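Overview (structure and organization)
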Amino acid sequence: MLESAGITAGADTLVALDIDGTLLGHDGTLSAGVRDAVAALRDSGTHVVLSTGRGTPAVLPVAAQLGLTHGWAVCSNGAVTLRLDPELDGGYEFVEVVTFDPGPAVRMLLAEDPDVLVAVEDLGRGFKVSAPFPVGELGDPVEVVTLDELLAAPVARVTLRAPGRPSEDFIALVERAGMHGVTYAVGWTAWLDITPDGVSKASALERVRGWAGVELARTVAAGDGMNDREMLQWAGVGVAMGNADPGTVALADAVTTTVHDDGVVAVLRAVLR
């Protein structure tokens, strides 16, 4: 697919990569093959952009492992965009942050299911939560606060979680609540991310593409989840991982093998050919 599209490595190409389930296995491991392929693409001058639902503190260590010290990273499902530069304080700066009032959507969902855990991103620092999440899911630091404090100010993203329940529960919850005025994505488990209306990985990547001076036809994106669907449709070539859900696969231009088989390496090598 990439060959027929004429997309090759270089400064006139942008490759957007989801992290969890695409670059990293579900156990959080990064294979040597993925690391080497990303390094080769980076060294070719191609714009390699991490595009993830992770918050800033959880993105920066992955960028460091991959040697991505310059360029951009799309975080929080498109609500937060970073510019990476080792000369900046901490190696990055926020170039775009889109926020919204989380109160109406969260209170609507809690009215349907008051046992759901709630977290809001404390920009650049970590998360504030209504109660502890399963260990390791959000990253540190995490601060437990009251719901009123949680919803007191505009935020870039809200995460709701119901440990031990299937994702279908949250799909039904959203349908019952009838949420409006926000963008949301349901994860593999009972995990729901809410971002400002109209915000997605694709909306942020479109601005990054403009800053990088890359034509839309020369963009590639790879991902595996519901929050990657707009990104895969946006890209010149959108590639779904073999472990992606059927709905995501259906929207992609091509499908590679699973994250366990380093499926993204084949995508990166095709650009590097």
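Everything quoted here is computed from the prediction, not taken from an experiment.

**Notes on the packing of aromatic side chains**
Between two aromatic rings, the relevant description is the distance of the centres plus the angle of the planes. Evaluated as defined, the whole model comprises two aromatic pairs. Relative to Trp211, the ring of Trp72 lies with its centre 6.2 Å away and its plane at 35 degrees, an arrangement referred to as tilted. Of this pair, Trp72 sits in strand 3 (residues 71–75) while Trp211 is found in helix 7 (residues 201–212), placing the two residues 139 residues apart along the sequence. Residue Trp211 is classed as partly exposed on the basis of its relative accessible area of 41%. Centroid distance Tyr92 to Phe94: 5.5 Å. Interplanar angle 85 degrees. Geometry classified as edge-to-face.

**Some points on the sheet that holds strand 14 (residues 254–255)**
Strand order in the open sheet made by the eight strands is 5-4-3-2-1-12-13-14, with mixed pairing throughout. Looking at which strands have only one partner, the edges of the open sheet turn out to be strand 5 (92–97) and strand 14. Sheet topology places strand 2 (residues 47–51) next to strand 3; two bridges connect them, and they run parallel. Each residue of the ladder has a partner; that of Ser51, found in strand 3, is Val74. Where helix 3 (residues 56–65) meets the sheet, it contacts strand 2, strand 3, strand 4 (80–84) and strand 5, and its direction lies at approximately 35 degrees from that of strand 4.

**Some thoughts on the pattern of salt bridges**
Inspection of the entire model under this criterion finds 14 salt bridges. A salt bridge links Arg83 to Glu93; its shortest N-O distance comes to 2.7 Å. Highlighted residues: Arg83 in strand 4 and Glu93 in strand 5, separated in sequence by 10 residues. Judged by relative accessible area, Arg83 falls into the partly exposed class, the value being 26%. Glu93 gets classed as partly exposed once you look at its relative accessible area, which sits at 30%. Through salt bridges that share partners, Asp18, Lys201 and Asp228 make up one connected network.

Rules used in this analysis
- Residues take numbers from 1 onward in each chain, read along the sequence in its written order.
- Only residues with pLDDT of at least 70 get local features here, since the model is predicted, and only at 80 or more are side-chain atom pairs given and counted; chain-wide, interface and lining totals rely on the full set of residues.
- As a convention, hydrogens and water are excluded, and side-chain values are obtained from all of the structure's heavy atoms.
- Working definition: a ring pair exists when centres of Phe, Tyr or Trp rings (six-membered ring for Trp) sit within 6.5 Å. Plane angles under 30 degrees give stacked, over 60 give edge-to-face, the rest tilted.
- Starting at the N terminus, helices and strands are each numbered in turn, a helix being any DSSP run of H or I of at least four residues and a strand any DSSP run of E of at least two.
- Relative accessibility under 20% of the residue-type maximum defines a buried residue, over 50% an exposed one, and the middle range a partly exposed one, all with a 1.4 Å probe and only protein chains included.
- Only when DSSP finds a minimum of two bridges between them are two strands counted as paired.
- Contact between two residues is taken to exist if any of their heavy atoms lie within 4.5 Å; hydrogens are not considered.
- Inter-axis angles, ranging from 0 to 180 degrees, are taken between N-to-C directions of lines fitted to C-alpha atoms, where helices are fitted over the stretch in contact.
- Salt bridge, as used here: a side-chain nitrogen of Lys or Arg that lies within 4 Å of a carboxyl oxygen of Asp or Glu.

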